[in-house]
Amino acid sequence: MADGPRRTADTLRVAAIGDIHVAETAVHPYRDLFAEMAERADVLVLAGDLTNHGKPSEAAVLAEDLRGLPVPVLAVLGNHDLECGEVAAMKEVLARAGVHFLDENPCEVKGVGFAGVKGFGGGFERMMLDAFGEPAIKQFVNEAVQEAMHLESALRQVEAERCFVVLHYAPIAATVQGEPPEIFPFLGSSRLAETIDRYHGQVRAVVHGHAHHGRYAGTTPRGTPVYNVAQTIEKEGGRPYALIEV
């Protein structure tokens, strides 16, 4: 449930945002926003594209704005974060500021499990790309399959009755509507939704980014809520981040 009016004692509130694209020349670009998110939620989630080019210097700017927050900060990577090939160094900078990366490393906060991966493209439903033909196509599809398998592995490790999934790429077409149809295959993959729906009932909500001009909310085929939390997406309350209760 997003922005629910009532909150029970066992409800966990998650503040989620994606595609913040921090630049190395920025000066405290999100300090005030993160403080607001931490005040309103129990957990802060970053849904990929934390930086513009995946540079450790960009991560250092983000780390300054995250350091010392009173709530856990959980994250997955986005495609921009892999651009420079310095993922390990970038993650180390952010880990020192308290960021926990979910990729195949799920965790639990106050009785709610969190699992996440970057994800990948490949298209949706009947238009999903198959591993047929040229080796390059097979390699592309294999990347999508591997990311879905990584998510499966993470979800298997979650013991909590309630689970929250964090992605960068979209698992459904509904939340990328508004983007040019020609680029849908590069915005996400139904293989992610297939994995999520095998854990229907345990997974209570899914967030992703990447589709800057998509729609805020949709559901997987089995009805699990999915939210596009890219900061450019119009959300309830007019905020650049989403508040989701699980």
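Structural data are supplied above this passage.
Residues numbered from 1 in each chain as written. Predicted model: local features only at pLDDT ≥ 70, side-chain atom pairs only at ≥ 80, totals over all residues. Heavy atoms only, no water.

Looking at this structure, how should I read the sheet that holds strand 1 (residues 13-17)?
Within a sheet, adjacent strands bond to each other through the backbone by hydrogen bonds, running parallel or antiparallel. Within the open sheet, the five strands sit side by side as 4-3-2-1-11. Their pairing is mixed. Across the chains shown, the open sheet's two edge strands, defined by having one partner strand only, are strand 4 (99-101) and strand 11 (242-245). The sheet shows a mean angle of 30° between the axes of neighbouring strands, taken without regard to direction. As judged from the three bridges shared by strand 3 (residues 73-76) and strand 4, these two strands associate in the parallel manner. Looking across to strand 4, one finds that L74 is bridged to H100. (Pairing = 2+ DSSP bridges. Helix = DSSP H or I, 4+ residues; strand = E, 2+ residues; numbered from the N terminus. Axes fitted to C-alpha atoms, helices over the stretch in contact; angles between N-to-C directions.)

Just to check I follow, could you spell out unusual backbone geometry for this structure?
Glycine aside, residues mostly have negative phi angles, and peptide bonds mostly take the trans form. Here H21, not a glycine, exhibits a phi torsion of approximately 50°, which is positive. Within the secondary structure layout, H21 lies in the loop between strand 1 and helix 1 (31-40). For E125, which is not glycine, the phi torsion reads 50° and is therefore positive. Assessed through its relative accessible area of 58%, E125 is described here as exposed. (Buried < 20%, exposed > 50% of the residue type's maximum accessible area, 1.4 Å probe, protein only.)

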